[in-house]
Amino acid sequence: MSRIYIGDVKNVKLDSVVELCGWVQYVRDFGKVVFFVIKDRTGIIQCYTSTQSEELLELVKKLSMDDVVRVRGTVKRRPEDQINPNMETGDIEIEVENFEVLNPCAPLPYDVNGEPSEFTKLKYRYVDIRHGELLTNLKTRSVASSVIRNYLSRNGFWEIETPYLTKYTPGGARNFVVPVRQQPGYFYALAESPQIFKQMLMISGIDRYFQFARCFRDEDLRADRQPEFTQVDIEASFVTEENIYDLVEGMMQQLFREVLGVQVETPFPRMTYDEAMSLYGSDKPDLRFQMTINDYTDNFSASKFNAFRNVIDRGGVVKGLYWNKPLDRSALKVLDQASSGSGNKFLFVSKSVNGLLTNGPKSVLTEETWLEDGTYVFAAGDKWDVLPFLGELRLALGEYLGLLDDDEYKFVWVTSRPMFEIAEDGSLQAAHHPFTMPDITSIDEIRKNPLKVRARAYDIVLNGVEIGGGSIRIHKADLQRVVFEILGLSSEQIEERFGFFLDALSYGAPPHGGIALGFDRLVMLLCGADSLRQVIVFPKTKSGTCPLTGAPARLFASQRQELLPIFKQVIEEGG
RNA sequence: GGAGCUGUGGUGUAGUGGCCUAACAUGCCUGCCUGUCACGCAGGAGAUCGCGAGUUCGACUCUCGUCAGCUCCGCCA
């Protein structure tokens with residue numbers, strides 16, 4: 001006989017003898033009879049021992065929480081009146097024949113039934129995983145990755161690993177750098193994504209590739225951002241947008257069916273970036289509720305409400321949200337909360353048979369006879385300030401009205417972003433990345449008016465969260481060179497930074513495209529978690545430290561000696 | 001880089017310019033209990049109130065600084 005999982009005990013015949021390994025959860029000592037509950041990753045079960053063996057009884061009394069034990073005993077049905085309906089194994093228990101403490105556990109550093117600070121839990125992450133929801137989340141994560149691997153393999157994709165130690169890529173995220181002992185003054189960069197390599201694989205004739213790629217970015221962290229995270233990186237040759245959409249929609253369908261038992265409708269709706277912004281005030285619209293942003297510029301163009309009319313006279317717009325029921329002050333309060341700190345103001349008007357409730361001038365607004373019963377939230381100003389602001393208010397209102405259903409999954413493709421946007425310093429920068437194919441028929445088009453050009457890029461959005469993005473790539477060296485030039489790179493810079501890449505494009509690059517899915521975020525949504533830290537096994541704190549290991553750390557003396565020449569070289573090169 | 005919130009026995013919280021020799025719960029230690037199920041009961045140990053400076057007759061409490069954690073903005077193609 002050998003050890004079985006606790007979760008399998010319910011499938012074993014009564015009165016058979018089983019061997020279980022796990023952690024002691026609770027000990028309930030009644031002097032002459034002692035109960036203790038043990039747990040492994042599959043479940044929990046109650047064990048008991050009584051006076052049939054005084055020796056055993058004495059040993060069991062000494063157990064404490066999270067001692068690691070091996071228990072051998074008989075599966076017994078509990079007395080009828082002792083069945084615990086709150087326990088999956090509440091109708092049975094193990095009568096202990098013998099047991100062994102494999103390793104006693106020191107008193108736990110925190111109360112596992114309470115809610116210790118996140119820092120404490122990170123410091124003792126293994127305790128948290130053992131006792132919390134993390135165990136379930138990690139299982140979900142494992143199932144998700146296996147579903148995705150199978151799906152992609154079945155569709156002819158090869159899993160290939162690309163280097164993490166690579167060359168610094170300018171623009172985009174800040175890279176982590178790694179000093180190279182053998183070449184003082186030279187550094188690797190940790191890959192912020194496998195972008196260049198996956199294109200190289202297409203040029204290599206791999207045709208279909210995927211990878212669970214770790215990506216590293218040295219930027220400030222958020223609840224949904226870690227310095228290292230995992231992307232499902234996918235690239236294919238001779239494809240169009242439609243092929244990528246089909247592939248990913250099939251994958252999501254399979255994933256949600258196998259992980260959650262949820263049937264996802266395909267194809268996913270699509271909207272352009274402009275539609276998403278003007279209707280939802282966001283490039284990642286949450287389509288779980290259909291409230292959209294409307295234009296009220298005409299309604300207010302002759303209004304006595306000067307604040308709005310003046311904005312319109314200066315070329316601004318008035319946009320707003322409408323809900324067909326009147327709302328009270330608590331809604332206004334929620335919106336105030338949502339807009340505080342944004343620097344934008346909104347006008348709240350709730351109209352009913354009882355009159356107007358508003359945070360604006362009531363007498364003036366009463367004259368706006370076109371207002372219907374229900375609630376309006378208006379904002380006026382420059383279109384590109386007003387839309388994102390109303391986008392925020394829309395979400396706050398949706399949440400307040402209880403329109404965000406956690407069990408609903410609304411996917412949408414957002415397409416046709418502008419190829420370039422204007423950076424703060426006035427220069428142009430790539431809105432997606434500089435390897436994205438512009439939607440043009442001739443190179444002249446992009447040279448003449450780059451800001452008008454759209455990118456053949458697409459984002460996949462689920463319930464207002466961007467879970468992935470990709471594009472058809474540039475596969476011709478001359479077009480790629482022009483894009484670099486528009487981004488302000490000199491020919492010398494292009495040569496130094498991307499010479500090898502332009503070479504590759506000129507040596508038989510096939511048309512290709514792909515997508516990268518944020519695996520951590522995807523798992524977060526599958527688990528219903530609200531922070532990445534709940535689906536990443538050993539995450540870092542907001543300032544990038546690891547409370548468990550104490551990373552990052554200072555160098556040892558011996559390491560300092562070895563690395564000294566490297567930093568000497570850096571200092572000599574100057575700033 | 002900016003804004004906000006938080007920091008009190010191992011853990012989670014309470015507290016207020018003197019009432020604090022710092023409270024409660026849980027955990028820990030000792031003892032009692034034959035059917036509990038986060039068992040119960042009795043007793044006990046455990047904290048220079050994140051750190052530093054200042055104001056004050058007096059600071060856990062007020063002020064400034066600093067450190068750490070969290071949320072948001074910037075940033076993250």
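Residues numbered from 1 in each chain as written. Chains lettered and ligands numbered in written order. Predicted model: local features only at pLDDT ≥ 70, side-chain atom pairs only at ≥ 80, totals over all residues. Heavy atoms only, no water.

Draft legend 1. Seen up close, the overall build of chain A. Looking only at helices and strands, one finds 17 helices and 23 strands in chain A. Principal-axis analysis of the C-alpha atoms places the extent of chain A at approximately 90 × 80 × 50 Å. Split into buried and exposed, the 575 residues of chain A put 46% on the buried side. Sequence-distant contacts, at least 24 apart, represent 67% of the contacts inside chain A between residues at least 6 apart. With the model as given, the accessible surface of chain A reaches about 29,700 Å², and the carbon-plus-sulfur share is 49%. (Helix = DSSP H or I, 4+ residues; strand = E, 2+ residues; numbered from the N terminus. Buried < 20%, exposed > 50% of the residue type's maximum accessible area, 1.4 Å probe, protein only. Contact = heavy atoms within 4.5 Å. Areas by Shrake-Rupley, 256 points an atom, 1.4 Å probe, with all protein chains shown as cover.)

Draft legend 2. Broad picture of the protein's contact with RNA strand B. Around RNA strand B lies a shell of 48 residues, among which Arg28, Gln82, Arg222, His432 and His433 are the nearest. Counting only atoms of RNA strand B within 4 Å of the protein, the fraction found in sugar and phosphate groups is 50%. Separating a base nitrogen of RNA strand B from a side-chain N or O atom of asparagine 113 is a distance of 3.2 Å. Within the contact set of RNA strand B, a sugar or linking oxygen lies 2.8 Å away from a backbone nitrogen or oxygen of alanine 430. Elements that contribute at least two residues to the surface near RNA strand B include exactly β1 (17-29), β3 (43-49) and α2 (118-123). Looking at which element gives the most residues to the surface near RNA strand B, the answer is β1, with 3 residues. (Near = heavy atom within 4 Å. Polar contact = N/O pair within 3.5 Å; in protein donor to acceptor, adjacent residues only side chain to side chain.)

Draft legend 3. Expanded view of unusual backbone geometry. For the bond running from threonine 266 to proline 267, omega is -5°, close enough to zero to count as cis. For proline 267, the position within the fold is in the loop between α6 (241-260) and β12 (270-272). Between alanine 551 and the following residue, proline 552, the backbone shows a cis peptide bond with an omega angle of -5°. Within the fold, proline 552 resides in the loop between α16 (519-527) and α17 (557-573).

Draft legend 4. Structural context of the sheet that holds strand β22 (residues 465-472). Read from one edge to the other, the open sheet built from 8 strands follows the order β6-β10-β11-β23-β22-β21-β18-β12, with strand pairing classed as mixed. A strand with exactly one partner marks an edge of an open sheet, and here the two such strands are β6 (158-159) and β12. Here strand β10 (residues 208-216) runs beside strand β11 (residues 228-237); their pairing, made up of 9 bridges, is antiparallel. Across the sheet, residue glutamine 211 finds its bridge partner in β11, namely aspartate 233. (Pairing = 2+ DSSP bridges.)

Draft legend 5. Looking closely at the domain arrangement of chain A. Each domain of chain A was delimited in the assignment, giving domain 1 (6-103), domain 2 (163-267 + 411-558) and domain 3 (289-401). For domain 1 and domain 3, the distance between their C-alpha centroids amounts to 62 Å. (Domains from an automatic or database assignment.)

Draft legend 6. Here's a closer look at the packing of aromatic side chains. One pass over the full model with this rule turns up 29 aromatic pairs. Ring geometry for phenylalanine 30 versus phenylalanine 35: centroids 6.0 Å apart, planes at 85°, classification edge-to-face. When the ring of phenylalanine 256 is compared with that of phenylalanine 411, the centres are 5.4 Å apart and the planes differ by 85°; the resulting orientation is edge-to-face. Here phenylalanine 256 is found in helix α6, whereas its partner phenylalanine 411 is found in strand β18 (residues 411-415), with 155 residues between them in sequence. Note on phenylalanine 411: relative accessible area 4%, which makes it buried. In textbook terms, an aromatic cluster arises when at least three aromatic residues are bridged by ring pairs, as seen for Tyr296, Phe300, Phe305, Phe308, Tyr322, Trp370, Tyr376 and Phe378. Its guanidinium or amino end placed over the ring of phenylalanine 289, arginine 394 lies 4.0 Å from that ring's centre, counting from NZ or CZ. (Phe/Tyr/Trp six-rings, centres within 6.5 Å; stacked < 30°, edge-to-face > 60°. Lys NZ or Arg CZ within 6 Å of the ring centre and 35° of its normal.)

Draft legend 7. Molecular detail of the nonpolar core. In this structure, Leu152, Met252, Phe411 and Ile460 are the most contacted members of the largest nonpolar core, which totals 58 residues. The biggest single contributor to this core is α6, with 8 residues. Sequence-distant contacts of leucine 152, defined by excluding residues within four places in its chain, comprise Phe157, Phe210, Val232, Ile234, Leu247 and Met251. Of all hydrophobic cores here, the second largest spans 21 residues; its members include Ile6, Val9, Val60 and Ile94. (Core = buried A, V, L, I, M, F, W, Y, C linked by side-chain atoms within 4.5 Å.)

Draft legend 8. Just the sheet that holds strand β8 (residues 177-179), in detail. Reading across from one edge, β7-β9-β8 is the order of the 3 strands in this open sheet, with antiparallel pairing throughout. Here the strands that pair on one side only, and so sit at the sheet edges, are β7 (165-166) and β8. Bridge analysis of β8 against strand β9 (residues 187-190) gives 3 bridges, and the strand direction is antiparallel. The residue of β9 that forms the bridge with valine 178 is tyrosine 188.

Draft legend 9. Fine view of the pairing of β18. With 5 of 5 residues buried, β18 is to be regarded as a mostly interior element. On β18, burial covers both faces: Phe411, Trp413 and Thr415 on one face and Val412 and Val414 on the other are all buried. Pairing of β12 with β18, which is carried by 3 bridges, proceeds in the parallel orientation. Across the sheet, arginine 270 pairs through a bridge with tryptophan 413, a residue of β18. Looking at chain direction, β18 and strand β21 (residues 457-462) are connected through 5 bridges and run antiparallel. Across the sheet, tryptophan 413 pairs through a bridge with isoleucine 460, a residue of β21.

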